[in-house]
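An overview of the molecular structure
So you can see what is in the structure, the chains are spelled out below.
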Amino acid sequence: MADATGLKKINTELVRKALRQGGVMSKNDFARATGLSFPTVSRTVDALVRLGELRQAGAAASTGGRCAQRYERDPRFRVMLCARLEGRRLSYEVRDLDGVVLEQAEQPPSASVLEMLDELAVQVREKYPNLGGAALGVDCSIRSGVVCETMSYHELLGVDLAERLCQAAGVPAAAERDMHLAAAGYCVRQGGWKGVAVCIYLGSSGMGASTVADGKIFEGASAFAGELHYLPIKNNLEYAKTHFAGADMVAYYMQVIRAYAALVNPARVVLYDNPLLAGKVERIRRACGQTLPAQAVPEIVLSHEFQEDYNAGLFRLANEMTEEKLHELLYL
């Protein structure tokens, strides 16, 4: 049998889950949604109001009797840090629980990436005592928060960025590869898109990709999946250093898509826009159609929303860290 603390935790999480799904609710609404008794719901809601997580949201419309008080989550109860490292530039946003951006800026450059990250985390922690979680996106390969492959940040190789951020910010933290975050964000912004998709992006650190299946990211055995510059394409590693100088981009994208078609067979390939791709997407589609069986040719979509997808994936990750922190708030 669960002890009193365990029961309170379960009840609290049921109320929190109902609120996330229901928006604004009365105690009767909570009781119906959770299956808990009204007295239990009343105690739990009142405790969360005292804690500051919930706030009164006005009375419900009258049905002839006493109007029931409604409650909603205070989105500023906890905030989260969403940071992005790309091309040795560290930018960040501070968001509330609804995803509203409260602050955004770029961290002043420093000789050390780790120093920039530490300074940012401490700065945000001091400014926002209600910081609940943090997430970092990085344009290199990361496995369980540890940098395991990089052409741009040699000083980060082997560093546990998730733990580093956690220690500096004092909250649960995670670090993930930028492409995985963008692919996750793409699915979120597509209304929870299902199926197999591959997202491909060419940025300042080279070209990378991420595969998502039914909303779940595939990283591979050692988080190496999507490191496109290791494909057996002529001059491929050199292209990462020269930013594809002299490359036939139609042939290159076609070879990448053909490899994914043979190994993963995605329903959709998302090509994030970049100057080297301008005016070439239709030619890439034709090249794929000429070199693949008809049933293996994926839908090839040009997207101009890499930043939006990346931000959506980063917010989702930071929100997961923040929700994890909320599990500790059981002063009931």
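For the structure given in this document, a descriptive report is provided here. This structure is a prediction, so every number in the text was calculated from the model and none was measured. (Residues numbered from 1 in each chain as written. Predicted model: local features only at pLDDT ≥ 70, side-chain atom pairs only at ≥ 80, totals over all residues. Heavy atoms only, no water.)

Not every positive phi belongs to a glycine, and Ala 223 is a case in point at roughly 65°. The topology assignment puts Ala 223 in the loop between strand 13 (216-218) and helix 7 (236-242). Phi at Phe 244 is positive, roughly 65°, even though this residue is not glycine. The residue Phe 244 is located in the loop between helix 7 and helix 8 (249-263) in this model. (Helix = DSSP H or I, 4+ residues; strand = E, 2+ residues; numbered from the N terminus.)

Moving on to the pattern of salt bridges. For the structure on display, the rule yields 21 salt bridges. A salt bridge links Arg 73 to Glu 53; the shortest N-O distance between them is 3.5 Å. Of this pair, Arg 73 sits in strand 3 (residues 69-73) while Glu 53 sits in the loop between helix 3 (38-51) and strand 2 (54-59), and the two are 20 residues apart along the sequence. By relative accessible area, which is 16% here, Arg 73 ends up buried. A salt bridge links Asp 74 to Arg 55; the nearest nitrogen and oxygen atoms lie 3.5 Å apart. Pair noted here: Asp 74 is in the loop between strand 3 and strand 4 (79-86) and Arg 55 is in strand 2, with a separation of 19 residues, a long-range link. (Salt bridge = Lys/Arg side-chain N within 4 Å of Asp/Glu carboxyl O. Buried < 20%, exposed > 50% of the residue type's maximum accessible area, 1.4 Å probe, protein only.)

The next point concerns the packing of helix 6 (residues 178-189) against helix 10 (residues 306-326). Across the interface, helix 6 lies against helix 10 with an axial gap of 6 Å and an inter-helix angle of 95°. As the angle between them shows, helix 6 and helix 10 are arranged roughly perpendicular. Within the contact between the two elements, helix 6 uses Asp 178, Met 179, Leu 181, Ala 182, Ala 184, Gly 185, Tyr 186, Val 188 and Arg 189 and helix 10 uses Phe 306, Glu 308, Asp 309, Tyr 310, Ala 312, Gly 313, Leu 314, Arg 316 and Leu 317. A breakdown of the residues in the contact of helix 6 with helix 10 according to their chemical character gives eleven nonpolar, two polar and five charged. (Axes fitted to C-alpha atoms, helices over the stretch in contact; angles between N-to-C directions. Parallel < 35°, antiparallel > 145°, perpendicular 65-115°, else oblique. Contact = heavy atoms within 4.5 Å. Nonpolar A, V, L, I, M, F, W, Y, C, P; charged D, E, K, R; others polar.)

Once that is clear, we can look at the sheet that holds strand 5 (residues 89-96). Read from one edge of the open sheet, five strands run 6-5-4-7-10, paired in mixed fashion. Whereas interior strands pair on both sides, the edge strands pair on one side only; in this sheet they are strand 6 (101-106) and strand 10 (173-177). Across the sheet, the mean angle from the axis of one strand to that of its neighbour is 15°, orientation sign disregarded. With five bridges joining them, strand 5 and strand 6 adopt antiparallel strand pairing. (Pairing = 2+ DSSP bridges.)

Further remarks concern the nonpolar core. Grouped together as the largest cluster of nonpolar side chains are 33 residues, with contacts concentrated most on Leu 136 and Leu 161. Element by element, the count of residues in this core is highest for helix 4 (residues 113-127), at seven residues. Once residues within four sequence positions are removed from consideration, Leu 161 is found in contact with Leu 114, Leu 117, Leu 136, Val 138, Ile 142, Gly 145, Val 147, Leu 156 and Ala 175. If you look at the next biggest cluster of nonpolar residues, it comprises 28 residues, including Tyr 239, Val 256, Leu 277 and Ile 284. (Core = buried A, V, L, I, M, F, W, Y, C linked by side-chain atoms within 4.5 Å.)

Within a regular strand, side chains alternate between the sheet's two faces. Burial analysis of strand 7 (residues 131-138) places eight of its eight residues in the buried class, the great majority of the element. The sheet contact formed by strand 4 and strand 7 spans seven bridges and is parallel. Note on strand 7: the bridge partner recorded for Ala 83 is Leu 136. As paired strands, strand 7 and strand 10 are joined by five bridges and run parallel to one another. Looking at strand 10, one finds that Ala 134 is bridged to Ala 173.

It is worth stressing that arrangement in space is one thing and function is another; only the former is reported here.
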